[in-house]
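Survey of secondary and tertiary structure
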Amino acid sequence: MANAFDSECMCLKLRAPSLWNLRVLICDKEREISCRRMYNITQSGLAAKIVLNTAFRVFSHAVVFGSCRTIMCLCTLILQDLGVRIPRPLGNGPSRFIPEKEILQVSKVDPRAQSIFEDAFAALGRLDNISLVMGFHPQYLESFLRTQHYLLQMDGPLSLHYRHYIGIMAAARHQCSYLVNLHVNDFLQVGGDPKWLNGLDGAPQKLQALGELNKILAHRPWLLTKAHIEHLLKAEEHSWSLAELIHAVVLLTHYHSLASFTFGCGITPEIHSDGGHTFRPLSLSQYCVCDIANGNGHGNDLEERRGSHQVSGEVEVLMERMKQLQECRDEEEASQEEMATRFEKEKTESMLVATAEDEECVQSRDVSRHFEDPSYGYKDFSRRGEHVPTFRVQDYSWEDHGYSLVNRLYPDVGQLLDEKFQMAYNLTYNTMAMHKDVDTSMLRRAIWNYIHCMFGIRYDDYDYGEINQLLDRSFKVYIKTMVCSPEKTTKRMYESFWRQFQHSEKVHVNLLLMEARMQAELLYALRAITRYMT
């Protein structure tokens, strides 16, 4: 007996045999067919209306990944002939900061990236701009997507609609409308109640109670105590189980840090998303309508010439400092007292690094209804006389304490997170800009430890005097803004640090910042949970 797919194939054969033949040609990859030729062989008018939806379904089953754009060009032309307005993207590619051609080139030259993109598209039915930018580093992207898929889709303590709603709450804390919109759609697709989207006060009391934890973790995690944990676990009929709370904490920290990456890379909404398109006409004299719909109709000459104004010698100076620091390490080792003094000095100095003003913040729709107390934000923890004890990793670490706690209450997630942390921390191509065979471990550790230092986290075996030698002030401003107030990150800030480095290297920096931030938040949350349990 014929199934539904066979019936649709027969329908397409009967109503639009030319479209069916086109399907065979494309799927067999026998030859390339131009957009105009495809348009000429399709049926127009009412017949096109009838077959369009059927064609979408049939093509989605059989067309190869590389031909998807060709199929969409065909459908775009049919819709245009029917008088449907065709939207065009507001942005120029997946990122406001990185030229589109550099991002798209990744999958052309790296078979692994192409394979990961295809798998993600097949699993989700979309390939978001975050994944495209992360594609500069396929090894990391694979780990990231595997972890995110487990958190959102696989068996776990929380229901699917709760997971996406928590993602909305977390992203909204940093006004990240890109992630909010993404998970609003996913929330509705898994059966979430649309009334919850009117505001946090429309969600269940159990989720409303999570608002305080969301607020503290996002902006001042050092203030989290076991009392906050106890409040959630002993809330009578609205209480959380330990397993549910671990799942929620991982989701909150995941999306707080992902909001940092989204703003730090200037991620733009996809054309189908809110804020990602316009219907304002553009001259068609130079472009195919399909190029316009896909954002390929215009370039950015200033970006293409960015390398012509680089600061000479920037990379060489940094490499020389790394060499000198290594020599100093080999000659003598600072005492524990000196190491502690240098940490306190660096921690104090990090408070004096001001985040940037939001002069170039991307305008977005109001997302504050998804969280409480919008005025609550990051505060340096020693200003106004406030004192917070230093968090010593030797007393509570991810490797010795956090990992096992997560894995015990949410099986396999500790392992996935650990692999992702290690991937970001150890990822290297042994290059710095145009230089090859460079050991970058010292620089990567300085970036990671500086972020943790801003959160009061200290590694007893690290000399914090190295940070000022390796990270200049413009870089520190970028780091602090992206980690603590990511919604204020600007293109000017992105361009102001490491001006001789490749975009792929700056994306690598953003991966480090994202993972270091997530681990810092997790450490405070898991320590509070551990203290409650003991």
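Preceding this section is the structure that the text describes.
Sequence order sets the numbering: in each chain, residues are counted from 1 along the sequence as written. Local features in this predicted model are restricted to residues whose pLDDT is 70 or higher, and side-chain atom pairs enter the listing and the counts only when it is 80 or higher, whereas totals over whole chains, interfaces and linings include all residues. As a convention, hydrogens and water are excluded, and side-chain values are obtained from all of the structure's heavy atoms.

Here we come to the overall build of the protein chain. The secondary structure listing takes helices from DSSP runs of H or I that are at least 4 residues long and strands from runs of E that are at least 2 residues long, numbered from the N terminus. Within the protein chain, the secondary structure is distributed over 26 helices and 6 strands. For the protein chain, the residues scored as buried account for 51% of the 534 residues in total. Contact between two residues is taken to exist if any of their heavy atoms lie within 4.5 Å; hydrogens are not considered. For the protein chain, the proportion of contacts with a sequence separation of at least 24, taken over those separated by at least 6, is 78%. Only the protein chains shown count as covering a residue, and every accessible area follows the Shrake-Rupley method with a 1.4 Å probe. Here the protein chain displays about 24,400 Å² of accessible surface, and carbon together with sulfur accounts for 49% of that area. Burial status follows relative accessibility: with a 1.4 Å probe on protein chains alone, a residue under 20% of its type maximum counts as buried, one over 50% as exposed, and anything between as partly exposed.

What follows covers the nonpolar core. Here the nonpolar core consists of buried residues drawn from Ala, Val, Leu, Ile, Met, Phe, Trp, Tyr and Cys, with membership extended through side-chain atoms lying within 4.5 Å. Counting 135 residues, the largest nonpolar core has Met134, Tyr165, Leu179, Leu210, Phe261 and Ile447 as its most contacted members. Broken down by element, the residue count for this core peaks at 16 residues, all from helix H26 (residues 503–533). Dropping the residues within four chain positions of it, isoleucine 447 is found in contact with Leu471, Phe475, Trp498, Val509, Leu512 and Leu513.

Further remarks concern the packing of helix H6 (residues 100–109) against helix H7 (residues 111–124). To obtain an axis, a line is fitted to C-alpha atoms, over the contacting stretch when the element is a helix, and the angle between two such axes runs from 0 to 180 degrees between their N-to-C directions. Two numbers describe how H6 lies on H7: the axes approach to 5 Å, and their chain directions differ by 100 degrees. As the angle between them shows, H6 and H7 are arranged roughly perpendicular. Contacts between H6 and H7 pair Val106, Ser107 and Val109 from the former with Pro111, Ala113, Gln114 and Phe117 from the latter. Any angle that falls under 35 degrees is termed roughly parallel, while one over 145 is termed roughly antiparallel, one within 65 to 115 roughly perpendicular, and all others oblique.

Further remarks concern unusual backbone geometry. The backbone of glutamine 175 shows a phi angle near 55 degrees, a positive value even though the residue is not glycine. Among the structural elements, glutamine 175 can be located in the loop between helix H10 (160–172) and helix H11 (177–189).

With that out of the way, let us pick up the packing of H10 against H11. It is the contact of H10 with H11, at a shortest axis distance of 9 Å, that shows an interaxial angle of 165 degrees. Considering the angle they form, H10 stands roughly antiparallel to H11. Both H10 and H11 take part in a crossing whose hand is left-handed. Here H10 contributes His161, His164, Tyr165, Ile168, Ala171 and Ala172 to the contact with H11, which in turn contributes Leu179, Val180, His183, Val184, Asp186 and Phe187. Taken together, the residues of the contact of H10 with H11 sort by class into 8 nonpolar, 3 polar and 1 charged. Definitions for this section: a left-handed crossing has its near helix turned counterclockwise from the far helix by less than a right angle. A right-handed crossing has that turn clockwise. Here the term charged refers only to Asp, Glu, Lys and Arg, the term nonpolar to Ala, Val, Leu, Ile, Met, Phe, Trp, Tyr, Cys and Pro, and the term polar to all other amino acids, Gly among them.

Right, let's talk about the packing of aromatic side chains for a bit. Any two rings among Phe, Tyr and Trp, with Trp reduced to its six-membered ring, count as a pair given centres within 6.5 Å; such a pair is stacked if its planes are under 30 degrees apart, edge-to-face if over 60, and tilted if neither. In total, this model carries 21 aromatic pairs according to the counting rule given. Ring centres of tyrosine 150 and tyrosine 410 lie 6.1 Å apart, and the angle between their planes is 50 degrees; this geometry places the pair in the tilted category. On the criterion of sequence distance, the pair formed by tyrosine 150 in helix H9 (residues 138–153) and tyrosine 410 in the loop between helix H20 (398–409) and helix H21 (413–426) is long-range, its members being 260 residues apart. The exposure class assigned to tyrosine 150 is buried, which follows from its relative accessible area of 17%. Ring plane angle 35 degrees and centroid distance 5.6 Å describe the contact between phenylalanine 187 and tryptophan 196, whose orientation is recorded as tilted. Three or more aromatic residues joined by ring pairs form one cluster here, namely Phe97, Phe475, Tyr478, Tyr494, Phe497, Trp498 and Phe501. Above the ring of tryptophan 240, the side-chain terminus of lysine 206 is found at 5.1 Å from the ring centroid. A ring is considered to have a charge above it if a Lys NZ or an Arg CZ atom is located within 6 Å of its centre and within 35 degrees of its normal. The positively charged end of lysine 506 is found above the aromatic ring belonging to tyrosine 494, 4.7 Å away from the centroid.

Before going further, it helps to spend a moment on H26. A rise of 1.5 Å per residue sets the reference length of H26, with its 31 residues, at 45 Å; its end C-alpha atoms lie 45 Å apart and thus fit the reference within 8%. Burial analysis of H26 places 26 of its 31 residues in the buried class, which makes it a mostly covered element. A helix is expected to reach a length of 1.5 Å times the quantity of its residues less one.

Relative to the assigned elements, serine 143 resides in helix H9. Take serine 143: its relative accessible area is 2%, and that puts it in the buried class. What serine 143 contacts, discounting residues up to four positions off in sequence, is Glu419 and Lys420.

Attention shifts here to H10. Here H10 is 13 residues long and its end C-alpha atoms lie 19 Å apart, about the 18 Å a rise of 1.5 Å per residue gives. Of all 13 residues that make up H10, 11 are buried, and the element is covered over most of its length. When we look at burial in H10, the residues that qualify are Tyr162, Arg163, His164, Tyr165, Ile166, Gly167, Ile168, Met169, Ala170, Ala171 and Ala172. On its buried face, H10 is in contact with H9, H11, helix H12 (205–208), helix H13 (211–219) and helix H15 (242–264).

Right, let's get into the environment of leucine 416. With respect to the element layout, leucine 416 can be found in helix H21. C-alpha separation for the pair leucine 416 and serine 143, spaced 273 residues apart in sequence, amounts to 7.6 Å.

Take the pattern of salt bridges next. The salt bridge definition used is simple: a Lys or Arg side-chain nitrogen within 4 Å of an Asp or Glu carboxyl oxygen. This structure, assessed with the given rule, holds 11 salt bridges. The shortest N-O distance in the salt bridge between glutamate 230 and lysine 234 comes to 3.5 Å. Overall, lysine 234 belongs to the exposed group, its relative accessible area being 54%. For the salt bridge of arginine 392 with aspartate 395, the shortest nitrogen-to-oxygen distance reads 3.0 Å. A cluster of three or more residues bridged by salt bridges with shared partners is formed by Arg392, Asp395, Arg458 and Asp460.

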